[in-house]
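So the chains spell out like this:
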Amino acid sequence: MAHITFYEKPGCGGNAKQKGLLLSAGHTLDVKNLLAEEWTRESLLAFLAPIPVPHWFNRSAPMIKDGRIDPDSIDAESALTLMLENPILIRRPLMQAAGLHHVGFVLEEVDAWVGLAGQSASEDELGCQGNQHQCSGHHHDDDDHEHQPGTCR
């Protein structure tokens, strides 16, 4: 089993369920507050650099939901600057184990990465509640199920 550093938004029901799956599978967690972490450009890029910029974002963040930020048209440097100033914009959870980094919680990818010992859950169970939300590491509107794959490396 793996020891996973799990960066969450405290109080997020989706993150709580994700942690439960990992613990039930026998993993140990070092849980950290994603919003209070002292992120640097380098520490954040360790998670985000290999994936497309639009996938860096928590699509349920208020600045995205109200249209102030368009993740699909922002460049990497601007996105990084915004995320360092406003960590709520960072897609969650961020996880690290054995030197590998993972962004978001796509059940199949997490299972392939560290193993979930047969644990399962629906996307709705693992996601945040609301009209537009990020569930299981991807974004969709309740009436639009165009899924963007999560990432694991």
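Residues numbered from 1 in each chain as written. Predicted model: local features only at pLDDT ≥ 70, side-chain atom pairs only at ≥ 80, totals over all residues. Heavy atoms only, no water.

Asker: Mind showing me how you'd approach the packing of aromatic side chains here?
Answerer: Note on aromatic pairs: each is described by the distance of the centres and the angle between the planes. Here the structure, examined in full by the defined rule, presents 3 aromatic pairs. On the numbers, 4.9 Å between centres and 50° between planes, the contact of Tyr7 with Trp39 is tilted. Remark: Trp39 occurs in the loop between strand 2 (28-33) and helix 2 (41-48) and Tyr7 occurs in strand 1 (residues 3-8); sequence separation between them is 32 residues. Look at Tyr7 and you get buried, because its relative accessible area is 7%. Judged by centre distance (6.0 Å) and plane angle (85°), the rings of Trp39 and Phe47 are edge-to-face. Judged on exposure class, the residue Trp39 and its partner Phe47 are both buried. (Phe/Tyr/Trp six-rings, centres within 6.5 Å; stacked < 30°, edge-to-face > 60°. Helix = DSSP H or I, 4+ residues; strand = E, 2+ residues; numbered from the N terminus. Buried < 20%, exposed > 50% of the residue type's maximum accessible area, 1.4 Å probe, protein only.)

Asker: Mind showing me how you'd approach the pairing of strand 3 (residues 94-97) here?
Answerer: Strand residues, when the strand is regular, have side chains that alternate between the two faces of the sheet. Where strand 1 meets strand 3, 3 bridges bridge the pair, whose relative direction is antiparallel. Looking across to strand 3, one finds that Tyr7 is bridged to Leu94. The pairing of strand 3 with strand 4 (residues 100-103) spans 4 bridges and is antiparallel. Paired with Met95 across the bridge in strand 4 is His102. In this antiparallel pair of consecutive strands, strand 3 and strand 4, the connection spans 2 residues, and Ala98 shows a positive phi of 50°. (Pairing = 2+ DSSP bridges.)

Asker: What exactly am I supposed to notice about the nonpolar core here?
Answerer: The nonpolar side chains of soluble globular proteins are, as a tendency, buried together. In this structure, Trp56, Phe57 and Leu94 are the most contacted members of the largest nonpolar core, which totals 23 residues. Those elements giving two or more residues to this core turn out to be helix 2, helix 3 (62-65) and helix 4 (76-85). When sequence neighbours within four positions are dropped, the list of residues in contact with Leu94 reads Thr5, Phe6, Tyr7, Leu34, Trp39, Leu44, Phe47, His102 and Val103. One finds Ile4, Ala25, Met95 and Leu107 within the second-largest nonpolar core, a separate group that totals 15 residues. (Core = buried A, V, L, I, M, F, W, Y, C linked by side-chain atoms within 4.5 Å. Contact = heavy atoms within 4.5 Å.)

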